[in-house]
Amino acid sequence: MNTFGEHARSFRRAAVTLLIAAALYEAIARSGYFAAALLPTLPAVGHTLWAMLMDGTMLWHALYTLYRVMFGLGLAIAVGLPLGILMGRIPAVEHFFLPLVSVLMPIPSLAWVPVFILWFGLGNVTTILIVFYAATFPMVLNAWSGVRSVNPLWMRAAGAMGANGQSLFWKVIIPGASPFIITGVRQAFLRSWIAVVGAEMIAASAWGLGWVIFDAKEFLNADVMLASLAVIGCIGFVFERLVFGALERATVLRWGMMRAAKG
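This section reports on the structure supplied with the text. (Residues numbered from 1 in each chain as written. Predicted model: local features only at pLDDT ≥ 70, side-chain atom pairs only at ≥ 80, totals over all residues. Heavy atoms only, no water.)

Description of the overall build of the protein chain
Moving on, step 1. A tally of helices and strands in the protein chain yields 10 helices and zero strands.
Moving on, step 2. Overall, the protein chain shows an N-to-C arrangement of helices and strands of α-α-α-α-α-α-α-α-α-α.
Moving on, step 3. Pairs at least 24 apart in sequence give 73% of the contacts found in the protein chain among residues at least 6 apart. (Helix = DSSP H or I, 4+ residues; strand = E, 2+ residues; numbered from the N terminus. Contact = heavy atoms within 4.5 Å.)

Okay, here's the thing in structure tokens:
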């Protein structure tokens with residue numbers, strides 16, 4: 001009941017914030033300062049969104065984008081999480097990979113799009129690899145930081161009680177690093193969306209929310225652009241509140257770990 005009450009209060013606060021933002025936007029849109037074609041009202045955007053949902057186009061664009069995000073994010077977790085853990089546990093691995101991560105991470109993922117197009121062509125492969133590139137570094141660095149932050153006293157206490165290497169890893173290191181790992185997944189997901197929308201504008205072939213936004217810009221269809229942005233925001237909100245929130249709560253309940261800094 002307490003958890004349900006917390007959820008209700010959280011959604012109420014979010015609803016108030018979104019309603020205020022919507023009211024401010026609507027006031028500006030109706031002020032006449034901008035042309036209606038450039039800043040359509042919320043009813044106009046809602047009508048366009050509804051029409052695109054009803055004919056299925058928005059759903060298909062969203063599914064294509066989600067597929068690219070989840071595929072690239074899954075690859076990033078599969079590669080970045082073990083690599084970050086190994087870097088935190090084995091100094092030789094850390095010394096080898098940390099300079100490479102430090103050099104590659106500042107390079108924006110979108111800067112690689114033209115290069116990846118030359119190597120892999122237009123379409124899903126390039127877009128997914130851009131997402132993978134963008135999402136890998138938050139996973140690596142957060143997993144590495146999480147493993148390094150595990151209290152040495154826990155390690156010594158577990159060892160004194162007879163914990164072997166495997167038991168020590170699953171019962172001490174992973175629970176201790178879990179807040180950082182969850183933060184890494186959250187940051188990787190956010191960076192994935194930034195990367196996929198940008199990559200779809202350049203490298204996608206006719207499907208995806210990023211492609212819709214870029215195509216609508218060519219025809220001054222601001223209502224289509226804003227409808228697509230609304231879908232992106234809604235998907236991100238659902239994942240943040242439901243998926244990552246549930247993951248965090250499950251981790252706290254299972255291991256009793258306090259939540260670390262938000263991503």
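On we go from here.
Quick look at the packing of helix 3 (residues 57-89) against helix 9 (residues 209-218)
Moving on, step 1. Two elements in contact, helix 3 and helix 9, have axes separated by 7 Å at closest approach and are oriented at 125°. By the angle class used here, helix 3 and helix 9 are oblique. In contact with Met58, His61, Ala62 and Thr65 of helix 3, helix 9 contributes Leu209, Gly210, Trp211 and Val212.
Moving on, step 2. Here the residues of the contact of helix 3 with helix 9 are counted per class, giving five nonpolar, three polar and no charged. (Axes fitted to C-alpha atoms, helices over the stretch in contact; angles between N-to-C directions. Parallel < 35°, antiparallel > 145°, perpendicular 65-115°, else oblique. Nonpolar A, V, L, I, M, F, W, Y, C, P; charged D, E, K, R; others polar.)

A word on a nonpolar patch on the surface
Moving on, step 1. Judged by side-chain polarity, Phe11, Val238, Leu242 and Val243 come together as a nonpolar surface patch covering roughly 320 Å² of accessible area.
Moving on, step 2. Counting residues per element, the nonpolar patch draws most heavily on helix 10 (residues 222-255), at three residues.
Moving on, step 3. With respect to the secondary-structure elements, Val238 resides in helix 10.
Moving on, step 4. With relative accessibility at 39%, the residue Val238 sits in the partly exposed group. (Patch = residues over 30% accessible without salt bridge, like charges linked within 9 Å, V, L, I, M, F, W, Y side chains within 5 Å. Areas by Shrake-Rupley, 256 points an atom, 1.4 Å probe, with all protein chains shown as cover. Salt bridge = Lys/Arg side-chain N within 4 Å of Asp/Glu carboxyl O. Buried < 20%, exposed > 50% of the residue type's maximum accessible area, 1.4 Å probe, protein only.)

Focus on the pattern of salt bridges
Moving on, step 1. Under the defined criterion, the tally for this structure stands at four salt bridges.
Moving on, step 2. Taking the shortest distance from any N to any O, the salt bridge between Arg30 and Glu26 comes out at 2.5 Å. With a gap of four residues between them, Arg30 and Glu26 both fall in helix 1 (residues 2-30), about one helical turn apart.
Moving on, step 3. When its relative accessible area of 56% is taken as the criterion, Arg30 is described as exposed.

Considering the nonpolar core
Moving on, step 1. Among the nonpolar cores identified, the biggest contains 27 residues, and Phe189, Trp193 and Leu209 are the most heavily contacted of them.
Moving on, step 2. It is helix 10 that provides the largest number of residues to this core, a total of seven residues.
Moving on, step 3. Not counting the four nearest positions on each side in its chain, Phe189 is found in contact with Val69, Met70, Leu73, Gly236, Phe239 and Phe244.
Moving on, step 4. In terms of nonpolar packing, the next biggest core, distinct from the first, is built from eight residues, Leu83, Met87, Val93 and Val101 among them. (Core = buried A, V, L, I, M, F, W, Y, C linked by side-chain atoms within 4.5 Å.)

Notes on unusual backbone geometry
Moving on, step 1. With a phi close to 60°, Leu220 is a non-glycine residue in the positive phi region.
Moving on, step 2. On the secondary structure map, Leu220 appears in the loop between helix 9 and helix 10.
Moving on, step 3. With relative accessibility at 59%, the residue Leu220 sits in the exposed group.

Quick word on the side chain of Glu200
Moving on, step 1. Residue placement: Glu200 occurs in helix 8 (residues 165-203).
Moving on, step 2. Given a relative accessible area of 0%, Glu200 falls into the buried group.
Moving on, step 3. From its side chain, Glu200 meets the backbone nitrogen of Leu209 in a polar contact 3.2 Å long.
Moving on, step 4. With residues up to four places along the chain from it excluded, the contact list for Glu200 reads Tyr64, Thr65, Arg68, Thr127, Trp207, Gly208, Leu209, Gly210 and Trp211. (Polar contact = N/O pair within 3.5 Å; in protein donor to acceptor, adjacent residues only side chain to side chain.)

Side note on the environment of Ile213
Moving on, step 1. By secondary structure assignment, the location of Ile213 is in helix 9.
Moving on, step 2. Accessibility expressed as a relative area gives 8% for Ile213, which makes it buried.
Moving on, step 3. Spatially, the C-alpha atom of Ile213 lies 9.0 Å from that of Ala227, the residues being 14 residues apart in sequence.
Moving on, step 4. The residues touching Ile213, leaving out its near neighbours within four places in the chain, are Met201, Met225, Ser228, Leu229 and Ile232.

As for the environment of Gly84
Moving on, step 1. Tracing the backbone shows Gly84 in helix 3.
Moving on, step 2. Judged by relative accessible area, which is 0%, Gly84 ranks as buried.
Moving on, step 3. Counting along the chain gives 54 residues from Gly84 to Pro138, while the straight-line C-alpha distance between them is 9.6 Å.
Moving on, step 4. When sequence neighbours within four positions are dropped, the list of residues in contact with Gly84 reads Val140, Ala143 and Trp144.

Re the environment of Trp193
Moving on, step 1. Relative to the assigned elements, Trp193 resides in helix 8.
Moving on, step 2. For the pair formed by Trp193 and Leu73, sequence separation is 120 residues and the distance between their alpha carbons is 9.7 Å.
Moving on, step 3. Not counting the four nearest positions on each side in its chain, Trp193 is found in contact with Thr65, Leu66, Val69, Leu209, Ile232 and Ile235.

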